[in-house]
Structure formats: structure tokens, C-alpha cells
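Results of the structural survey
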Amino acid sequence: MQYAPDVATPEPAPEARSLRGRSAAHVAERIRERILSGELPPGERLSERSLTEGLGVTRTPLREAFKILETEGLLAIVPNRGAQVVELSPADVDMAMELLAGLESVAAELACARGTDEQFAEVARLHARMVACQRAGDLVGYFRVNQDIHQNIVDCADNPALSRVYRTESARVRLYRFAGNRVSARWSRAVMEHEQILLALQQRQGPLLRELLRAHHLNGWRVTRRVLENELQPDL
């Protein structure tokens, strides 16, 4: 079967037209945003036709974007069935959280030794934004800034490989980690834990920061796992 050349297709809307000619990385970013926002939920099968029309791109960069997102763990490409959003079990997320906790433990002392005052000031600025979101009841905003704080702390370690692995694995389980923040008691407690984390970072107390981050992960995941078990496996 032959397909009509791209120049013969209807002109896309302005927003879609802005993506034409861009790299697969740009297309991957747009799809990644939809996955992380929940617009494309876990288990959703992606329609190439719908995405090419909606994003104003051809199939080649779209399929390259699928491969990028597959390496990040966000998509699964099934032969003869196409791509679908990865659906994780609580056990899958459990293993990912163990990895993230380990990566932050490695980053903690390095961050305190290598991080600059400017980087620490950025973490403090993000912390203030996170607290403002919490007080305003902006759960989505709070969660986004919270994730930025953790990534920035890891970045302070000045180890690109560590930052890259952490960013990829964190993105893969972001939707699932969000669930725990819907428990109000955990939300308030997490802010208090972040106060301690920020202080340890500013005082460059590496061993203390390591233990605080590990405890923070364990406390958060304990709550989140209960939520996920109820939502994903209601018969447990």
C-alpha cells in the first residue's frame, strides 16, 4: 500500500504546524507530557494516525519518539500492535523506588561536597514555591515542584550519569508517586521533612542528608503503596 506524500495532507492547525520539521526529541517531549499529566493513562494504546494529525508530524519522527519513550520506560512497543503506555504494578514501582532511594543516597554526600551556593539557593527557591503550593491547596503544582527539588539535589552531585538515570527512572514512575500526595496527612508531613532536607543540604551535612532522603522516600512510598494497592488491585 502506498501513502500519499506529506505535502498532500491537509494543513494542520497552527499549534500542530509548529512541530512540523522538529526532531523526534520534540515529539517525544509532547507525548511524555501527555503521559505524565494522565491524558494518556497507563495501558492506553497510542494511535499513530491520531498523533501524526494532532502533532502535525510524519510517522518517521513519531516512531523515533516512541523508541525514545520506550527506553525511558514510559512506552512498550508490541510487535503488530504498536505502542502503549506502560502499566506498572505496585511491585514494579516498589523496585523503582528502591533504585531512586539508592541514587539519592549516592548523590547526597556528593551534592554537599560539590554543590555550589547558587545551586543551593535554587533548591531553597523551589522549596519556597512548594510550600506556597501546599498552602494554596495546589496539589499538582506542589508535586511538580517537589519533583524538581529532588532532581536539583541529585544534580548538585555534579555527576551527569547519575542525574540522567535518576531523571529517567523518576519520570517512569511519576504518575504512581503522585497518588500518595492525595493523602493530606502525608502531604503535610512531607513538607516538614523537606525543611530538614533543605537545612542539611545548606549546612553540607552529607551523611545526615543521605539518611533524611532515605527516610523521606520510605515514608512517602509506604503511604503511596497503600493507595496504589487499593486503586490498582482493589481485591487485595
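Residues numbered from 1 in each chain as written. Predicted model: local features only at pLDDT ≥ 70, side-chain atom pairs only at ≥ 80, totals over all residues. Heavy atoms only, no water.

Our focus in this paragraph is unusual backbone geometry. Even without being a glycine, Asn-80 presents a positive backbone phi close to 65 degrees. Here Asn-80 lies in the loop between strand S1 (75–78) and strand S2 (82–85). (Helix = DSSP H or I, 4+ residues; strand = E, 2+ residues; numbered from the N terminus.)

Here the protein averages 84 in pLDDT, and 86% of its residues register 70 or above. Ranking the helices and strands of the protein by mean pLDDT puts helix H6 (residues 117–136) first, with 96, and helix H1 (residues 14–17) last, with 44. For residues 1–21, every residue scores under 50 in pLDDT, and the model assigns this stretch 15 contacts once sequence neighbours within four places are set aside. (pLDDT = per-residue confidence, 0-100. Contact = heavy atoms within 4.5 Å.)

A word on the nonpolar core. By size, the foremost hydrophobic cluster in this structure holds 25 residues, and its most contacted members are Tyr-142, Ile-149, Ile-153, Leu-201 and Leu-209. Going through the elements one at a time, helix H5 (90–114), H6, helix H7 (139–155), helix H10 (184–202) and helix H11 (206–232) are the ones with two or more residues in this core. Among the elements that take part in this core, H10 stands out by supplying seven residues, more than any other. With 17 residues, the next largest nonpolar core counts Leu-62, Ala-65, Leu-69 and Ala-83 among its residues. (Core = buried A, V, L, I, M, F, W, Y, C linked by side-chain atoms within 4.5 Å. Buried < 20%, exposed > 50% of the residue type's maximum accessible area, 1.4 Å probe, protein only.)

Along the chain, the position of Glu-193 falls in helix H10. A relative accessible area of 5% means that Glu-193 is categorised as buried. Engagement of the side chain of Glu-193 in a polar contact is seen with the side chain of Asn-219, the distance being 2.9 Å. Residues within four places of Glu-193 in sequence aside, it is in contact with Arg-186, His-216 and Asn-219. (Polar contact = N/O pair within 3.5 Å; in protein donor to acceptor, adjacent residues only side chain to side chain.)

Right, let's talk about the pattern of salt bridges for a bit. Close approach of charged atoms allows side chains with opposite charge to pair. As enumerated under the stated definition, the model contains eleven salt bridges in all. In this structure, Arg-59 engages Glu-48 in a salt bridge whose closest nitrogen and oxygen atoms are separated by 2.5 Å. Placement of the pair is Arg-59 in helix H4 (residues 59–71) and Glu-48 in helix H3 (residues 48–55), with a sequence separation of eleven residues. Taking the relative accessible area as the measure of exposure, Arg-59 reaches 30% and is therefore partly exposed. A salt bridge links Arg-63 to Glu-48; its shortest N-O distance comes to 3.0 Å. Taken together, the residues Arg-63 in helix H4 and Glu-48 in helix H3 connect sequence positions 15 residues apart. (Salt bridge = Lys/Arg side-chain N within 4 Å of Asp/Glu carboxyl O.)

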